[in-house]
Structures are given as C-alpha cells and as structure tokens.
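If you want the building blocks of each chain, they are given just below.
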Amino acid sequence: MKGLKRGIAFILALILMSAGSILVYADESKSVEAISFRNITQDELQNKKLSENGENKVAFFENGVTDFVIVTPEVCAKPLNEAVAVLQSILEEMTGAKLTIVNENQADDAKKYFCIDAVMNTQRPAGDINDGYQIIIENEKISICGADETGTRNGIYAFIEDILGCMFLTPNDTFVVQQENIYLDKMNEIKKPAVQWRDVYAYETIQNKWASKLKLNGIDIESEDPNLNIEELQYEGWGTWCHNCYTYLSPDDYFDEHPEYFSEKNGKRVTTYKGRDAYLCLSNPEVFEIVKVSLAKKIEENPNQLYWDFSGNDNPFLAGCECEKCKAADKAAGGTGMGTLMPFLNKLAKTFPDKYISTLAYLHTLKAPENIKAEPNVVIKLCSMPGDQASSYYDGGNANAKQFKEQVEQWSKITDKIVVWDYVVDFSHLLMPFPNFAVQARNQEFYENHNIIGVFHQASREKGGEFACLRSYVLSRLMWEGSDMDVAECVSRYIAAYFGEAAPSIINYMNLCSSELYNSNHALGLYDGLMAHYDGYLSENNVEKYNQLIHEAKAAVAGDALLERRVEEVELSVLYAYVLQPKIDENERQSILERINELCEKFNITMVCEWESLESFNQAGLKNAVSGEKKELMKPYFIAAGAVAGIVLVAAAVTVVYRIVKKRKNKSFNKAN
C-alpha cells in the first residue's frame, strides 16, 4: 500500500511541476526558415558605381549635363507616356538636368537618342518574352523596347530601379539616388518575368497606379474610374474570376422548370444549402450546352480577356452534386469533385481553344483527379489553404506546408498551367507583426519547378496592413526576378531607403522578429492569434524589446516629420501586439489602445481584422480578444488540474478497491481460522 501511495504522489508531483511548462505550441517538425537582414548605409544606397567612368561605359550625364534626348513613338498609349514622364522626372531629380522628350518625327537634329518602344530603327525583341523587354545601351543610343507597349513600360521602370538604383517604395514615395555623373555599362539584354501572370492583392497596389511600377500585370492600371473597388481593379486579364457557376446558369432563370440542372442533396435538387449557394449538376449534358452558350456570349462582349473561369460556389457544407451520375464520376476519379468538373472544363477548353479556361481547386475539388488529364488550355487555380508562411512549400517542413506541397506536385502531373493562390496575411489580425519574408524565395523556386504560370499573393484588402508596402514590393520583384533574387538584400535596401537614419533600429526589430519565430519552430498561419506565438516571437518579453527598438528608431529621426511618420507605421503593429498581451495592467492597456486609435486615425485605418472594424475592436473586440488569450494562457493549467483530478479519482478508486479486497481477505482468513 505504501508503494502505491508513493507512486501516486510521484505522478501528482510531476503533473504539478509540469503545469507551467505545458504552455508550449511548437511543432515537432522543423518548420521555420532563417533569414537575416543587414544594415545598409545611406551612402551605400547612392549607387556610387554610376559615377565611375571607364572602358565599355557610356556617358549618359556628366556634371549634370546630357546630350541625350528621349524619343517616343508617334502614337504612344497613355500608360507608356506616364512611364516616360516618370523617367524624365527621376532623371531630373537625380542630376538637376531635364531631358527633352520628342516625338520620333522630331528627332532628326538630336545627337544622341534614348529610344522608347521600337523607334529609331530598333527591332522589337524576338521570342516569347511575355511582358518582358530588351535594353540596349550603346555610345550614341539607349533603347528600351518590349514585345508590346506593356513590356516597354516594364523596361522603363526596370531601368529606373535596376540600373539607376532608385526604388518605387510606395504608391506615393520613390527613393531617388543623387548623381550628377551617370556612366552606364554597355549592354544588350532581354529580360522576361519568372511568372507569367503576377498579382499582389493588397489595398496599396491599386493606389496611384503603383502596380505598373511594380511590373504587376494582374491589376488594371489603365482604369480611370475612381469608383472602382479593389475587386474590380484586380484580376486583370480575367473575364471571370471565381465562384461563378451561377453567372452562367442562374437558378432564377432555370430552377422552376429544370431543377435537374442543379445539385442534388439528400434526394432533392437544391440551389442553396445551409445558407450558401449550391452547385450545378455537371453530369447533365444540357447544363454544358447552356454554359457553353453563356461563355461564348461573355467572350464576345470582352474579346480581349484571355482567362475565363468556371468554378463552383463557395459552400464548405456541400461536396458538389450528389446525384448518382455525379457521385459515380467523382468516385471513379479518386473521390474528388474534379471527377465531374475536369471533363466539363476540358469540353469548354476544346470549344474555346484560343482562351484559357480555369477553375478553382478548392474544397471538394481540391484533390487532383486520377486518370484524367487537363487540356493544354485549362488552368487550375490552386488555393494554399491552410498553407503556412513559416515553412516553404519547397521543403514542406510542417503539416500545412507539406499538404500544399503535395497538392501542387499532384496537380503538376495533371496540367502544366497552375495559378497559385497564396495567402501572405494574418486575416484575424491585420496589424500584427507577421515575419513571413524568410520563405518567399524558396516558395518561388518551388513554383518555378512545378508548372506555375501565375501567382496571386493575397495580402490585406484593407488599408494599412503590417508592412503592407514592403511586402507588396518584395513579392512583386520576386515574381519578376525569380528565385535567384536575394530577398534579405531586397528587404534591407528597402528599409534603408524608406526609414533613413531609423533603418538600423527597424532592421534590428525585423531580425529579432524573424529569429524568434525561427527559434520557436512554429508554423505561421493565416488566422493565428497572439497565443499561437506567445512562447515565441510574440512573447511578452519580445514585444517589450520591439517597443524599445521603436523608441530608438523614433529618437534617431526626431524632428523629421516624414521619417517619424514612417516609424509610426511600425509602431502601430508593435502596439497592437502589446495591447493583446494577457498580463498587462488594464490601465496600461487602455493607454496603449488610445495610442493605437490615434495612429489609426492618422493613417486612416478602419479595420483591424478581415471582418472586424476598429470601432468594433474598441467597443468589445479587444476585450473579447484578451479574454480569449487569457483562456488560452490558462488552458494548460486547466488541463493539468483535470489530469490531477483524474489521478486523484483513480487513486481514490484504487484505494477503495484495495481496502475492499483487503477486507475480504481478512474475513476469509478469519473464517479459515
């Protein structure tokens, strides 16, 4: 009996001792990748090599004077004219000299030409370069030309950044180097993007036509309509985007007379299920004919659109149509809704061979089908949900990243045309620090190896997400340059250019965030709360360190209103992580909240979450969030207490049984004697 009691006591002691250490959220697998940013001096940013003359060099500017004249085509579209104007303005700011812009018919007397878009006997670059460009630099002529005007525009912006060393930091801010002497290396280079279709879905990318300077082609930069929202400006090149099957065959038009056109559930034809739109019955041949006619009409109305999507509605509660024919087709394809959807798409693709026909691999159609190949002009938009932003899809270091890695690998056997829909944001906390830069080049390499023709990086559609402009800038350049791009160097140069003398403190802040995420070995998800990283990069101790670094950054630029404002953008994210800390004093929490509101008003930020406004956050959202964090904080102790209670009950039961058995043995012994 003493041995039993000692054993129970030992177990109880272990449980009580470990209660405080149960608060651990680390993954067993190696999920996080390391990255380190470096301090770049303001002098280093000035691209001093431009002032170095020598062999194989062309004197573009000397002592702020140039003999070159910018020559444009006789007929020049507005976006290209805008790019030329930007080039002229930046060169003037760099050197103090303003280049003359002339039409090609007026260029006879010029000594040297900066030729734009195949003028002055320059041939357009040959081959399939998508929206790439060719830059030729010779003694008497500089030429930028693309396969079309979009490529030429990209070439102009690339010349400004890659050759001159300037940076398009935000929709309204451009870093311009200062050089009176500009000597250019002679060259003849053709550049094309690593990704055919490129988009960063963020509030900032559609502002002031910044997307064109980022060389994104998934955003309508030519629209002049100020009333268009982000949904209407995004998805350039697409006639339809997603969740749209009812736009081809509407329940309002057909259900009363033809319920068999719609999905079956529990023996009944339905157009909605659990409050969400349902699907079409794709095994019904009449459905195909109606959709085909509808698509033909849409294409006729918008003939220049290259991509046309046909995909199911967004209903996680209904796995497609459950009629016998649809179920049989899905089962034969390996238990995926693609058993009915892929043959349907293939027929559409054959009907419209000069267009790309796309669909979503999502929910019940996420899994690639067995024994079915996609037609050459079928595009699969593959959603990386749940995905991960701490382990690259190349390495698949945790369950979420591995799952998406396997999905891409399976789909790349079905089709050579995949558009990745990647999530690079924490939807639950748009302002929270989100150190996801480490995996991006590795992800890009994975895309390049697996038939990815397009990438849709979904960030925040709301204004002012954490490092929104920096993230958009880096992802845009990465999609253009490809996986050989040094992400750490790109981020470091951006930070130096944007934050000036505050850059060293901001770099230290970013390095600490990244290293603490790396050391914690956690996944980084698109709905993570503070508690997911409370023993990692969002711990109370780390957030306090971040706050100290922000104070250092502000002190470094005190008196410079522009740089102070930029540091405050980062301060807002740190304060947001601070205000959610479960252990801080409530008076301190209120003070932090007041500062958050002050900064949000300053930056016109109205949303803290994909579905929660700042107003709601002030009224009850913060209180509820902190309450939830506190419950998460106490959960390990509740678990430990439950375990203790369980052990106590077991011990009590064992004791009772022991006493009963012992009592019976004693009775038997007494009877025997």
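Parameters at a glance
Residues numbered from 1 in each chain as written. Predicted model: local features only at pLDDT ≥ 70, side-chain atom pairs only at ≥ 80, totals over all residues. Heavy atoms only, no water. Helix = DSSP H or I, 4+ residues; strand = E, 2+ residues; numbered from the N terminus. Buried < 20%, exposed > 50% of the residue type's maximum accessible area, 1.4 Å probe, protein only. Areas by Shrake-Rupley, 256 points an atom, 1.4 Å probe, with all protein chains shown as cover. Pairing = 2+ DSSP bridges. Axes fitted to C-alpha atoms, helices over the stretch in contact; angles between N-to-C directions. Contact = heavy atoms within 4.5 Å. Salt bridge = Lys/Arg side-chain N within 4 Å of Asp/Glu carboxyl O. Core = buried A, V, L, I, M, F, W, Y, C linked by side-chain atoms within 4.5 Å. Expected span 1.5 Å × (residues − 1). Bend = angle between axes of the 7 residues up to and from the residue. Phe/Tyr/Trp six-rings, centres within 6.5 Å; stacked < 30°, edge-to-face > 60°. pLDDT = per-residue confidence, 0-100. Parallel < 35°, antiparallel > 145°, perpendicular 65-115°, else oblique. Left-handed = near helix turned anticlockwise from the far one by under 90°. Nonpolar A, V, L, I, M, F, W, Y, C, P; charged D, E, K, R; others polar.

What about the overall build of the protein chain?
Here is step 1 of the chain: Scanning the protein chain from N- to C-terminus turns up 20 helices and 23 strands.
Here is step 2 of the chain: When the 673 residues of the protein chain are sorted by exposure, 56% land in the buried category.
Here is step 3 of the chain: Counting only carbon and sulfur atoms, one obtains 49% of the accessible surface of the protein chain, whose full area is about 30000 Å².

A short note on the sheet that holds strand 18 (residues 356–361)
Here is step 1 of the chain: Read from one edge of the open sheet, 7 strands run 11-21-20-19-18-17-12, paired in parallel fashion. Pairing within the sheet leaves two strands with one partner each, and these edge strands are strand 11 (197–201) and strand 12 (238–240). Averaged over all pairs of adjacent strands, the angle between their axes in this sheet comes to 20°, without regard to strand direction.
Here is step 2 of the chain: Pairing between strand 19 (residues 378–383) and strand 20 (residues 418–423): 4 bridges, direction parallel.

Concerning helix 13 (residues 440–448)
Here is step 1 of the chain: Among the residues of helix 13, Gln-440, Ala-441, Asn-443, Gln-444, Phe-446 and Tyr-447 are the ones counted as buried.
Here is step 2 of the chain: Residues of helix 13 that are buried sit in contact with helix 12 (399–411), strand 20, strand 21 (452–458), helix 14 (468–481) and helix 15 (487–499).

Here we look at the pattern of salt bridges
Should their charged atoms come close, side chains of opposite charge can pair.
Here is step 1 of the chain: Under the criterion given, the structure shown has 32 salt bridges.
Here is step 2 of the chain: Its salt-bridge partner being Arg-595, residue Glu-598 comes within 2.7 Å of it at the nearest N-O pair. One end of the pair, Glu-598, and the other, Arg-595, are both in helix 19 (residues 586–603), 3 residues apart, so they sit about a helical turn from each other.
Here is step 3 of the chain: We classify Arg-595 as buried; its relative accessible area is 19%.
Here is step 4 of the chain: Residues participating in the shared-partner salt-bridge network are Lys-554, Glu-568, Glu-571, Arg-595, Glu-598 and Lys-602.

Brief notes about the nonpolar core
Here is step 1 of the chain: With 205 residues, the main nonpolar core has Phe-60, Phe-159, Phe-310 and Ile-495 as its most contacted residues.
Here is step 2 of the chain: With sequence-adjacent residues up to four places away left out, Phe-60 is seen in contact with Val-65, Thr-66, Phe-68, Leu-91, Leu-99, Phe-114, Ile-142, Phe-159, Ile-182 and Leu-184.
Here is step 3 of the chain: Listed in part, the 7 residues of the second largest apolar core include Val-69, Val-102, Cys-115 and Val-119.

Observations regarding unusual backbone geometry
Here is step 1 of the chain: Positioned with a positive phi, Lys-209 is a non-glycine residue whose angle comes to about 55°.
Here is step 2 of the chain: The phi angle at Leu-363 is positive, at roughly 50°, despite the residue not being glycine.
Here is step 3 of the chain: Among the structural elements, Leu-363 can be located in the loop between strand 18 and strand 19.

Quick look at helix 18 (residues 561–579)
Here is step 1 of the chain: The end-to-end C-alpha distance of helix 18, which contains 19 residues, comes to 25 Å, matching closely the 27 Å that a straight helix rising 1.5 Å per residue would cover.
Here is step 2 of the chain: The sharpest bend along helix 18 measures roughly 25° and falls at Val-570.
Here is step 3 of the chain: The buried fraction of helix 18 is high, at 14 of 19 residues.

Things to note about the packing of aromatic side chains
Here is step 1 of the chain: With the rule as written, the count across this model stands at 37 aromatic pairs.
Here is step 2 of the chain: Relative to Trp-241, the ring of Tyr-235 lies with its centre 4.3 Å away and its plane at 15°, an arrangement referred to as stacked. Considered together, Tyr-235 and Trp-241 belong to a single accessibility category, that of buried residues.
Here is step 3 of the chain: Measuring from ring centre to ring centre gives 4.7 Å for Tyr-393 and Phe-404, while their planes differ by 65°; the resulting arrangement is edge-to-face. Of the two residues, Tyr-393 is situated in the loop between strand 19 and helix 12 and Phe-404 in helix 12; the sequence distance between them amounts to 11 residues. Taken individually, Tyr-393 and Phe-404 each receive the classification buried, so the pair is uniform in this respect.

Digging into the confidence of the model for the protein chain
Here is step 1 of the chain: With 88% of its residues at a pLDDT of 70 or more, the protein chain has an overall mean of 90.
Here is step 2 of the chain: Across residues 7–29, confidence stays below pLDDT 50; counting only partners more than four residues off in sequence or on other chains, it has 39 contacts.

Observations concerning the sheet that holds strand 2 (residues 68–72)
The strands that make up a sheet are held in pairs by hydrogen bonds between backbone atoms, and each pair lies either parallel or antiparallel.
Here is step 1 of the chain: Here we have 6 strands laid out as an open sheet, ordered 3-2-4-6-5-10, and mixed in their pairing. Either end of the sheet is taken by a strand with one partner, and the two such strands are strand 3 (101–103) and strand 10 (187–191). Across the sheet, the mean angle from the axis of one strand to that of its neighbour is 20°, orientation sign disregarded.
Here is step 2 of the chain: As paired strands, strand 4 (residues 112–116) and strand 6 (residues 141–146) are joined by 4 bridges and run parallel to one another. Each bridged residue has a counterpart across the sheet, and for Phe-114 the counterpart in strand 6 is Ile-142.

Digging into the packing of helix 3 (residues 78–95) against helix 4 (residues 149–163)
Here is step 1 of the chain: Relative orientation of the contacting elements helix 3 and helix 4 amounts to 15°, with a least axis distance of 9 Å. In terms of their interaxial angle, helix 3 and helix 4 are classed as roughly parallel. For the pair helix 3 and helix 4, the sense of crossing is left-handed. Contact with helix 3, carried on its side by Pro-79, Leu-80, Glu-82, Ala-83, Val-84, Val-86, Leu-87 and Ile-90, involves Glu-149, Thr-152, Arg-153, Ile-156, Tyr-157, Phe-159 and Ile-160 of helix 4 and no other residues of that element.
Here is step 2 of the chain: Among the residues making up the contact of helix 3 with helix 4, the classes are represented as 11 nonpolar, 1 polar and 3 charged.

A few points about the environment of Phe-437
Here is step 1 of the chain: Examined against the element boundaries, Phe-437 turns out to sit in the loop between strand 20 and helix 13.
Here is step 2 of the chain: Given the relative accessible area of 6%, Phe-437 is considered buried.
Here is step 3 of the chain: When the C-alpha atoms of Phe-437 and Ser-36 are compared, they prove to be 9.9 Å apart, with 401 residues separating the residues in sequence.
Here is step 4 of the chain: Non-local contacts of Phe-437, meaning those with residues more than four positions away in its chain, are made with Ile-35, Phe-37, Leu-470, Arg-471, Val-474, Val-487, Val-491 and Met-510.

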